Amino acid sequence: MQRADVIILGGGLVGLTIAVALDKHGLSSIVVDPVDPEKTLTPQYDGRATAVASASWRMLDAIGVGDRLEGQGCPIRSIRVSDGLEPGGLQFEPAPDDDPLGIMFENRLLRAALRDSAMAADNVTLVMPGRPAEVVRDGAGVRVALDDSRLLAAPLLIGAEGRSSPSREAARIPVARWNYDHAAIIVTIEHELSHDETAYEIFYPTGPFAILPMLPGTRSAIVWSVPARDAAAILDLPERAMAAEIEKRMGGFLGAIRMAGPRASYPLGFHHATTITAERLALAGDAAHGIHPIAGQGLNLGFRDAAALTQVLVEGARLGMDLGDAQLLARYQRWRSLDTFMVAAATDGLTRLYGVPGRTASAVRRFGMGAVQRIGPLKDRLMAEARGETGDLPLLLRGLPI
């Protein structure tokens with residue numbers, strides 16, 4: 001039987017981040033994931049890109065992953081928000097000598113850097129691909145039997161398997177969930193004019209349309225929310241027709257465009273677990289919460305889970321506590337519950353607010369954005385939220401070791 005301080009089910013971005021962060025503080029983990037890791041590094045597997053908030057980036061840098069990503073991401077120096085192509089709106093722009101609001105990375109590059117860090121770690125064992133056949137959690141600890149007959153044991157199980165988490169289902173944790181009846185179309189484009197490291201969020205009644213800057217300066221990722229019934233037809237458009245549709249929604253402000261990568265589509269929905277802990281179990285990332293990508297906070301919420309859970313476990317280990325102790329898990333639950341609920345509620349509210357059609361609704365929204373633009377403290381607060389710098393921040397999100 002192979003033993004470790006924790007067993008992590010799920011070797012995605014959040015699961016690997018937890019493993020690497022724990023290793024940096026002397027705790028061991030076994031990461032189990034059924035997907036062949038080589039497949040996860042191709043654009044065809046996941047063509048998405050993520051805006052890593054500045055606080056999340058400080059954590060990645062603190063655990064040694066930042067060095068592996070150096071020069072591969074595009075800083076976000078400005079965010080512009082508008083109601084359709086109407087004038088006005090919001091612009092978030094930090095001072096020239098301040099950190100960027102975030103850094104855009106292709107998900108496959110994040111995954112490669114985290115996997116390389118995990119493979120180089122002394123205290124991380126990767127079982128990828130590997131599939132649990134039986135999981136037992138009780139007062140004595142956690143035992144996992146893999147389908148190849150290997151046996152694993154640890155005091156704590158971390159469920160980071162994503163939205164359909166088997167660990168969450170096995171623990172019978174209730175989940176509030178609903179679908180938005182929308183799908184996100186993901187594609188990379190090349191455009192004639194430079195994006196100047198600016199991200200755009202354009203709200204249409206049919207759904208938000210995001211333009212996210214990537215390297216080089218004439219390359220961007222598009223996240224286009226469309227009614228679910230239209231997604232298949234849009235995905236099947238010829239290259240020139242697809243480019244024309246995207247250019248029309250951009251208003252032509254980045255010049256002529258062309259398609260520069262494979263297309264993908266993901267259904268959009270909301271889910272929020274009523275609790276993120278159970279006996280010897282902690283949930284993290286999409287296993288605990290899934291939100292609309294309207295504000296780009298989904299993965300960053302998972303990174304905040306990783307930072308908080310790592311700090312709870314490291315400090316508990318230094319006190320000689322059982323890492324599956326109910327007191328430690330209760331601390332993690334308290335730390336993350338308010339933040340995840342508030343972000344989930346805010347993104348859901350924005351999705352519904354900007355989905356109201358009509359000129360009157362548009363005028364009200366533009367008036368509200370104009371007011372925020374003029375009220376400095378409120379605008380600064382929203383910018384801090386985008387950076388992930390509000391609330392009781394774990395040490396790693398401040399760039400500090402535990």
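From a predicted model like this one, the values you see are computed outputs, not experimental measurements. (Residues numbered from 1 in each chain as written. Predicted model: local features only at pLDDT ≥ 70, side-chain atom pairs only at ≥ 80, totals over all residues. Heavy atoms only, no water.)

S.K.: Help me understand the overall build of the protein chain in this model?
M.R.: Tallying secondary structure elements over the protein chain gives 11 helices and 22 strands in all. Out of the 402 residues in the protein chain, the part that is buried amounts to 52%. Long-range pairs, those at least 24 residues apart, make up 74% of the contacts in the protein chain between residues at least 6 apart in sequence. (Helix = DSSP H or I, 4+ residues; strand = E, 2+ residues; numbered from the N terminus. Buried < 20%, exposed > 50% of the residue type's maximum accessible area, 1.4 Å probe, protein only. Contact = heavy atoms within 4.5 Å.)

S.K.: How should I be thinking about the nonpolar core in this particular structure?
M.R.: Side chains of nonpolar character tend, in soluble globular proteins, to be buried together. Counting 72 residues, the largest nonpolar core has I18, L60 and L313 as its most contacted members. Considering each element in turn, this core owes the most residues, nine residues, to helix 8 (residues 298–318). Excluding its chain neighbours within four sequence positions, the residues that come into contact with L313 are V6, L22, L27, L156, I158 and L323. L212, A221, L268 and F270 belong to the second-largest nonpolar core, a separate cluster that totals 25 residues. (Core = buried A, V, L, I, M, F, W, Y, C linked by side-chain atoms within 4.5 Å.)

S.K.: Sorry, what's going on with the sheet that holds strand 1 (residues 2–3) here?
M.R.: Backbone-to-backbone hydrogen bonds join strands into a sheet, with any given pair of strands oriented parallel or antiparallel. In spatial order, the strands read 1-12-11-10; together these four strands make up an open sheet with mixed pairing. Each edge of the sheet is formed by a strand with only one pairing partner; in this case those strands are strand 1 and strand 10 (132–138). As paired elements, strand 1 and strand 12 (residues 151–154) share two bridges and run parallel to each other. Bridge assignment links R3 to a residue of strand 12, and that residue is A153. (Pairing = 2+ DSSP bridges.)

S.K.: Quick question: what am I supposed to make of the pairing of strand 15 (residues 198–204) here?
M.R.: Of all seven residues that make up strand 15, seven are buried, and the element is covered over most of its length. The alternating pattern of strand 15 places T198, Y200, I202 and Y204 on one face and A199, E201 and F203 on the opposite face, and all of these are buried. Pairing analysis gives six bridges linking strand 6 (residues 78–83) to strand 15, with the strands arranged parallel. For I79, the partnering residue across the bridge sits in strand 15 and is A199. The pairing of strand 15 with strand 16 (residues 207–214) spans five bridges and is classified as antiparallel. Residue F203 lies in a different strand from strand 16, and its bridge partner there is P208. Taking the residues that link successive antiparallel strands as the turn, the strand 15-strand 16 hairpin has two residues.

S.K.: Quick question: what am I supposed to make of the sheet that holds strand 2 (residues 6–9) here?
M.R.: Strand order in the open sheet formed by six strands is 9-3-2-13-21-20, and the pairing between neighbours is mixed. A strand with exactly one partner marks an edge of an open sheet, and here the two such strands are strand 9 (124–127) and strand 20 (277–278). Direction of pairing for strand 20 relative to strand 21 (residues 281–283): antiparallel, over a ladder of two bridges. What sits directly across from T277, in strand 21, is A282. Each of strand 2, strand 3 (29–32), strand 9 and strand 13 (156–159) touches helix 1 (residues 13–24); the most contacted strand, strand 2, lies at about 160° to it. (Axes fitted to C-alpha atoms, helices over the stretch in contact; angles between N-to-C directions.)

S.K.: What exactly am I supposed to notice about the pattern of salt bridges here?
M.R.: When the charged atoms of two side chains lie near each other, side chains of opposite charge can form a pair. In total, this model carries 16 salt bridges according to the counting rule given. Between R219 and E190 there is a salt bridge whose closest N-O contact spans 2.9 Å. Of this pair, R219 sits in strand 17 (residues 219–227) while E190 sits in strand 14 (residues 175–191), placing them 29 residues apart in sequence. In this structure, R336 engages D339 in a salt bridge whose closest nitrogen and oxygen atoms are separated by 2.8 Å. Here R336 and its partner D339 are both found in helix 9 (residues 326–353), three residues apart, which amounts to about one turn of the helix. (Salt bridge = Lys/Arg side-chain N within 4 Å of Asp/Glu carboxyl O.)

S.K.: Sorry if this is basic, but what is going on with the packing of aromatic side chains here?
M.R.: Inspection of the entire model under this criterion finds four aromatic pairs. A ring pair is formed by W178 and F270, whose centres lie 4.3 Å apart and whose planes are at 5°; its orientation type is stacked. Remark: F270 occurs in strand 19 (residues 264–273) and W178 occurs in strand 14; sequence separation between them is 92 residues. Ring centres of F209 and W224 lie 5.9 Å apart, and the angle between their planes is 70°; on these two criteria the pair is classed as edge-to-face. In this pair, F209 sits in strand 16 while W224 sits in strand 17, placing the two residues 15 residues apart along the sequence. (Phe/Tyr/Trp six-rings, centres within 6.5 Å; stacked < 30°, edge-to-face > 60°.)

S.K.: What is the right way to read the packing of helix 2 (residues 54–62) against helix 8 from this model?
M.R.: How two helices pack is summed up by the angle between their axes together with the distance between the axes. Relative to each other, helix 2 and helix 8 sit at 45°, their axes nearing to 10 Å. The angle between helix 2 and helix 8 falls in the class oblique. Read as a crossing pair, helix 2 and helix 8 show a hand that is left-handed. Contact residues: helix 2 offers S56, M59 and L60, while helix 8 offers N300, F303 and A307. Considering only residue class, the contact of helix 2 with helix 8 consists of four nonpolar, two polar and no charged. (Parallel < 35°, antiparallel > 145°, perpendicular 65-115°, else oblique. Left-handed = near helix turned anticlockwise from the far one by under 90°. Nonpolar A, V, L, I, M, F, W, Y, C, P; charged D, E, K, R; others polar.)

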